[in-house]
Amino acid sequence: RVEGLHYAASIGHRWRTAYTQRLPRRMLSSWVMLRVDKIKITKVVNHSRLRAFTRASSLDLNPAKAFRTGDTFLFHGCPESAVANIQAEGLQMQFASDGMLGRGLYGAPDPRKSATYCKHSPNGKFMFICRFNLKENVKHAGPDTPHPNRLFHEYCVYDDKHVVVLWMLKLR
C-alpha cells in the first residue's frame with residue numbers, strides 16, 4: 001500500500017484508478033527543497049495510456065529499491081510547449097530527446113533535477129509525476145554511478161509502455 005495524502009479530498013471527488021489514488025507524501029515533501037510559493041496539482045486522466053502501461057508486480061517509493069525490481073514515482077520536467085502533448089499523449093519515445101543515458105524517457109526522484117528542464121514562462125513552470133516501471137530496459141545515472149551526474153539521480157526507460165503520467169504540477 002502506498003502511503004500518502006488523498007488528493008481527492010482536496011478537490012472533492014474520487015478517482016477511478018486504484019493505484020493512482022494517493023499522491024505520496026514523499027513527493028509533496030520534496031517541494032520544500034524547491035522553495036516554490038504555489039503548486040497547482042492536476043490529475044492527468046488518459047485511459048488509453050493507463051491501459052497500455054506495463055506495470056511491474058511491485059511498487060516502491062524508493063527508486064533505488066525499485067531499480068531493476070519494480071515501479072516507482074518520478075518527476076519529469078518539461079517546457080510549457082510540451083505540456084498539452086504530454087497531457088494528451090503521455091510521454092512517448094517519438095518525442096524523446098537524446099540525454100546522458102541516450103534517447104529515452106527520463107524521470108528523477110528529486111524535483112530539483114526535473115526543474116532544470118522546465119523553462120520560465122508567463123504561466124509558470126510545469127512538471128509531471130509519473131509512474132515508471134524500472135524493472136527492465138532502464139538505465140540509472142547518479143552520484144554513485146559511473147555517469148557524470150554527480151548531484152542528482154535520474155532514470156531513463158526506453159519504452160512508452162514503461163511510464164504513465166499521473167499528475168501535472170504547475171509551479172509559481
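Keep in mind the model is a prediction, meaning the values are calculated, not measured.

Bringing the pattern of salt bridges into the picture now. This model, assessed by the stated rule, comprises 3 salt bridges. In this structure, the salt-bridge partner of Asp71 is Arg131, at a minimum N-O distance of 2.8 Å. Remark: Arg131 occurs in strand S7 (residues 125-133) and Asp71 occurs in strand S4 (residues 71-78); sequence separation between them is 60 residues. Across this residue pair, the class does not change: Asp71 and Arg131 are buried. Arg112 serves as the salt-bridge partner of Asp110, at 2.7 Å between the closest nitrogen and oxygen.

Applying the stated criterion across every chain yields a total of 2 aromatic pairs. Considering the side-chain rings of Phe67 and Tyr155, the 5.7 Å spacing of their centres and the 55° angle between planes classify their relative orientation as tilted. Separated by 88 residues along the polypeptide, Phe67 in the loop between helix H5 (63-66) and S4 and Tyr155 in strand S9 (residues 154-157) bring together distant segments of the chain. Take Phe67: its relative accessible area is 22%, and that puts it in the partly exposed class.

In this model, the protein carries an average pLDDT of 83, and 78% of its residues clear a pLDDT of 70 or more. Across residues 1-21, where pLDDT falls below 50, the model places 45 contacts with residues more than four positions away in sequence or in other chains.

With that settled, the discussion passes to the pairing of S7. In terms of residue burial, S7 counts as a mostly covered element, since 8 of its 9 residues are buried. The pairing of S4 with S7 spans 8 bridges and is antiparallel. Bridged to Cys78 within S7 is Phe126. Sheet topology places S7 next to strand S10 (residues 163-171); 8 bridges connect them, and they run antiparallel. Along S10, the bridge assignment pairs Lys125 with Leu171.

The rules we used
- Residues numbered from 1 in each chain as written.
- Predicted model: local features only at pLDDT ≥ 70, side-chain atom pairs only at ≥ 80, totals over all residues.
- Heavy atoms only, no water.
- Salt bridge = Lys/Arg side-chain N within 4 Å of Asp/Glu carboxyl O.
- Helix = DSSP H or I, 4+ residues; strand = E, 2+ residues; numbered from the N terminus.
- Buried < 20%, exposed > 50% of the residue type's maximum accessible area, 1.4 Å probe, protein only.
- Phe/Tyr/Trp six-rings, centres within 6.5 Å; stacked < 30°, edge-to-face > 60°.
- pLDDT = per-residue confidence, 0-100.
- Contact = heavy atoms within 4.5 Å.
- Pairing = 2+ DSSP bridges.

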